[in-house]
Amino acid sequence: MAGPAAELGITLRVLAEGADDPAAQVLTDVRLGGPDDAQALAGSAEGADALTFDHEHVPGSLLRELEEGGVAVRPGSGALLHAQDKLVLRERLGSMGVAGPRWAGVSDPSGLAAFGDDVGWPVVLKTPRGGYDGHGVRVVGADDVADTADWFERAAASGDGRLLAEERVDFARELAVVVARSPSGQACAWPVVQTVQVDGICHEVLAPAPGLDDDVAADATATALRLAHELGVVGVMAMECFEVAAPDGSGRAGVLVNELAMRPHNSGHWSMDGAVTGQFEQHLRAVLDLPLGDVSPLAPWTVMVNVLGPQREEHADLHRALLHVMAHDPGVKVHLYGKAWRPGRKMGHVNVSGPDLEDVRARARHAGDFMTGLIDE
Ligand code: ADP
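Each chain carries its own residue numbering, running from 1 in the direction its sequence is written. With pLDDT at 70 or above as the cut-off, local features in this predicted model cover only qualifying residues; side-chain atom pairs require 80 or more to be listed or tallied, and sums for whole chains, interfaces and linings still use all residues. Values reported for side chains reflect all heavy atoms of the structure, with hydrogen atoms and water molecules removed beforehand.

## Thoughts on the packing of aromatic side chains
Part 1 of the reasoning: By convention, a stacked pair of Phe, Tyr or Trp rings (six-membered ring in the case of Trp) has centres within 6.5 Å and planes under 30 degrees apart, an edge-to-face pair has planes over 60 apart, and any other such pair is tilted. This model, assessed by the stated rule, comprises one aromatic pair.
Part 2 of the reasoning: When the ring of Phe171 is compared with that of Phe242, the centres are 4.9 Å apart and the planes differ by 5°; the resulting orientation is stacked. Highlighted residues: Phe171 in the loop between β6 (163-167) and β7 (173-181) and Phe242 in strand β11 (residues 235-244), separated in sequence by 71 residues.
Part 3 of the reasoning: For Phe242, a relative accessible area of 8% translates into the label buried. Strands here are runs of E lasting at least two residues and helices are runs of H or I lasting at least four, both read from the DSSP assignment and numbered beginning at the N terminus. Each residue is placed in one exposure class: buried if its accessible area under a 1.4 Å probe, protein chains only, is under 20% of its type's maximum, exposed if it is over 50%, and partly exposed if it falls in between.

Pasting the structure below:
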């Protein structure tokens, strides 16, 4: 958010765990402390017009204390809970009649076995809180149920003991709808995108989702806007979902909602270069209750490819790749986050826009693969 904030003359203060954290590298007003440090949180919020997030790990109890003390927490703790706890989200989606995978809260391996026997194997087992990029998600077959005992022990030690079990959805592809909503209720939605995940990590986003049926796009967008409204979300929200042949048995294609993020999200990074208003600027506008910007695409297609931490340390300095990537294709937009190297870690992304999807996709992949050290020319 630092870039658009600077352009708009908005002053940001960041609470960071370390002085080397990406946001701390680019802002001058940095407070050090963890997301569960009540004093550091209160100090960061002091005098601010709004408090917002770039991850979901600030405990709801601390946010509620700040809200009681008059801090404008955006999104508020009540909305954010649905992005923090996958069981809470599943319950809420059920009561709203929003389609999702069949699921159950299970407390032990025998509960998981009963669920799998009911919906069919394999199933997907998830820790309700704290997961990201596929950490905290595993596929369990009928023969591996006993291996899940340690997950249930950890769940009992850290929460109410329940894990989320879901049917494994046989989806055609994964989609995401990114929307923004302001406290006065203005809302907007970028075009529905296709996300390509490998081992639970997003590798690529195609904007808009190629060949998506207009009715499916309209239904998914309406669902995301309805969720943002009914949950009282403020800021950017991403709704990740699965496209399936017939979610309601009607024979018509549609989506099942997987999860929500309430912050600028990987599935919206394409908008930084591919839309009139990018998600980070829009998030700032929304949390400050400024009028929202136009979300129209600037080109027929934008493809985003994540730059994942190279496997070999000799490729860890991503700046070494800039010379080649920039010289090879002046249309590539590179974003690096200043994160410490770890193989597979999301360390940046590239965006390419243009009139031909296959061309744009090939160029974005080339730049991403070069930066990741997978190719050397
Ligand atoms: P995270 O919190 O790590 O993002 P997700 O719930 O989004 O976890 O799961 C990560 C990935 O695992 C998804 O993008 C999808 O590819 C796969 N996945 C998750 N749930 C299911 C499911 N019920 N059926 C099939 N695949 C799933």
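Read on for the rest.
## Brief notes about the sheet that holds strand β5 (residues 137-140)
Part 1 of the reasoning: We call two strands paired when DSSP finds no fewer than two bridges between them. Taken together, four strands build an open sheet; the order of strands is β3-β6-β4-β5 and the sheet is antiparallel. Of all the strands in the sheet, just β3 (103-106) and β5 have a single pairing partner and so form its edges. Neighbouring strand axes in the sheet, compared pairwise and without regard to direction, differ in orientation by 25° on average.
Part 2 of the reasoning: Pairing of strand β4 (residues 123-126) with β5 involves four bridges; the strand directions are antiparallel. Residue pairing for β5: Val123 is matched across the bridge by Val140. Axis definition: a line fit to C-alpha positions, over the contact stretch in the case of helices; interaxial angles, taken between N-to-C directions, run 0 to 180 degrees.

## A short note on the pattern of salt bridges
Part 1 of the reasoning: By convention in these notes, a salt bridge is any Lys or Arg side-chain nitrogen within 4 Å of a carboxyl oxygen on Asp or Glu. A complete count under the given rule lists 19 salt bridges for this structure.
Part 2 of the reasoning: Here Asp160 makes a salt bridge to Arg162, at a shortest N to O gap of 3.3 Å.
Part 3 of the reasoning: Classification of Asp160 as exposed rests on a relative accessible area of 58%.
Part 4 of the reasoning: The class of Arg162 is partly exposed, set by a relative accessible area of 27%.
Part 5 of the reasoning: Of the charged contacts, one joins Arg363 and Asp359 as a salt bridge, the two residues approaching to 3.4 Å between their closest N and O atoms. Placement of the pair is Arg363 and Asp359 together in helix α13 (residues 357-371), with a separation of four residues, close to one helical turn.

## A look at the nonpolar core
Part 1 of the reasoning: Counting residues in each nonpolar core, the largest one holds 36 residues, and the members touching the most others are Leu63, Leu227, Met237, Met239, Leu260 and Met262.
Part 2 of the reasoning: Looking at this core, the elements with two or more residues in it are α4 (60-68), α5 (77-84), α6 (86-96), β7, α9 (214-231), β11 and β12 (254-261).
Part 3 of the reasoning: Per element, the largest residue contribution to this core is seven residues, and it comes from α9.
Part 4 of the reasoning: Should any heavy atoms of two residues lie within 4.5 Å, those residues are considered in contact. Ignoring any residue separated from it by four or fewer positions in sequence, one finds Met262 in contact with Glu56, Pro75, Ala79, Leu80, His82, Ala83, Leu231, Val233, Val236 and Met237.
Part 5 of the reasoning: We define the nonpolar core as a collection of buried residues of types Ala, Val, Leu, Ile, Met, Phe, Trp, Tyr and Cys that are connected through side-chain atoms lying within 4.5 Å of one another. Grouped together as the second largest cluster of nonpolar side chains are 19 residues, Leu206, Trp301, Val303 and Ala367 included.

## With respect to empty space enclosed by the protein
Part 1 of the reasoning: Detection works on a 1 Å grid of protein atoms alone, calling trapped sets that fit a 1.4 Å probe cavities and calling open sets with protein on both sides within 12 Å along at least five of seven lines pockets, with lining residues defined by an atom within 4 Å of a point. Grid points are joined across faces, edges and corners, and a volume is the space filled by probe spheres set on the points. In the structure shown here, the tally under the stated rule is one cavity of 30 Å³ or more.
Part 2 of the reasoning: Lining the largest cavity are Glu174, Leu175, Ala176, Thr195, Gln197, Glu240, Cys241 and Asn258.
Part 3 of the reasoning: Counting residues per element, the ones that place at least two in the lining of the largest cavity are β7, β9 (193-198) and β11.
Part 4 of the reasoning: For the lining of the largest cavity, the element with the most residues is β7, which contributes three residues.
Part 5 of the reasoning: Residues belonging to the lining of the largest cavity are distributed by class as follows: three nonpolar, three polar and two charged. Three residue categories are used. Nonpolar comprises Ala, Val, Leu, Ile, Met, Phe, Trp, Tyr, Cys and Pro, charged comprises Asp, Glu, Lys and Arg, and polar comprises the others, including Gly.

## A few points about the packing of α5 against α6
Part 1 of the reasoning: The contact between α5 and α6 brings their axes to 6 Å, and the two run at 105°. In terms of orientation, α5 lies roughly perpendicular with respect to α6. Judged by residue contacts, Leu81, His82 and Gln84 of α5 engage Lys86, Val88, Leu89 and Arg92 from α6. Oblique is the label for any angle not covered by the other classes, which are roughly parallel (under 35 degrees), roughly antiparallel (over 145) and roughly perpendicular (65 to 115).

## Concerning unusual backbone geometry
Excluding glycine, residues mostly carry a negative phi; peptide bonds, for their part, are mostly trans.
Part 1 of the reasoning: Residues Trp121 and Pro122 are joined by a peptide bond in cis, for which omega reads -10°.
Part 2 of the reasoning: With respect to the helices and strands, the residue Pro122 is situated in the loop between α7 (109-119) and β4.
Part 3 of the reasoning: Residues Ala207 and Pro208 are joined by a peptide bond in cis, for which omega reads -5°.
Part 4 of the reasoning: Along the polypeptide, Pro208 turns up in the loop between β10 (201-207) and α9.

## Here's the deal with the site of the ligand
Part 1 of the reasoning: For this description, a residue counts as near a given molecule or strand if any of its non-hydrogen atoms is within 4 Å of it. In the vicinity of the ligand, 19 residues are found, and the nearest of them are Lys86, Lys126, Gly134, Glu174 and Glu259.
Part 2 of the reasoning: Within the backbone of Val169, an N or O atom sits 2.9 Å from a nitrogen atom of the ligand.
Part 3 of the reasoning: Throughout this description, a polar contact denotes any pair of N or O atoms lying within 3.5 Å of each other; where both atoms belong to protein, one of them has to be capable of donating a hydrogen while the other can accept it, and for residues adjacent in sequence the pair is counted only when both atoms sit in side chains. Asn258 has a polar side-chain atom sitting 3.0 Å from an oxygen atom of the ligand.
Part 4 of the reasoning: Each accessible area is a Shrake-Rupley estimate made with a 1.4 Å probe; only the visible protein chains count as cover when residues are assessed. For the ligand, the protein covers 89% of the area, taking 540 Å² as the surface of the free molecule.
Part 5 of the reasoning: The class makeup of the residues in the shell around the ligand is six nonpolar, five polar and eight charged.

The quantities given are spatial measurements derived from coordinates; they are silent on function.
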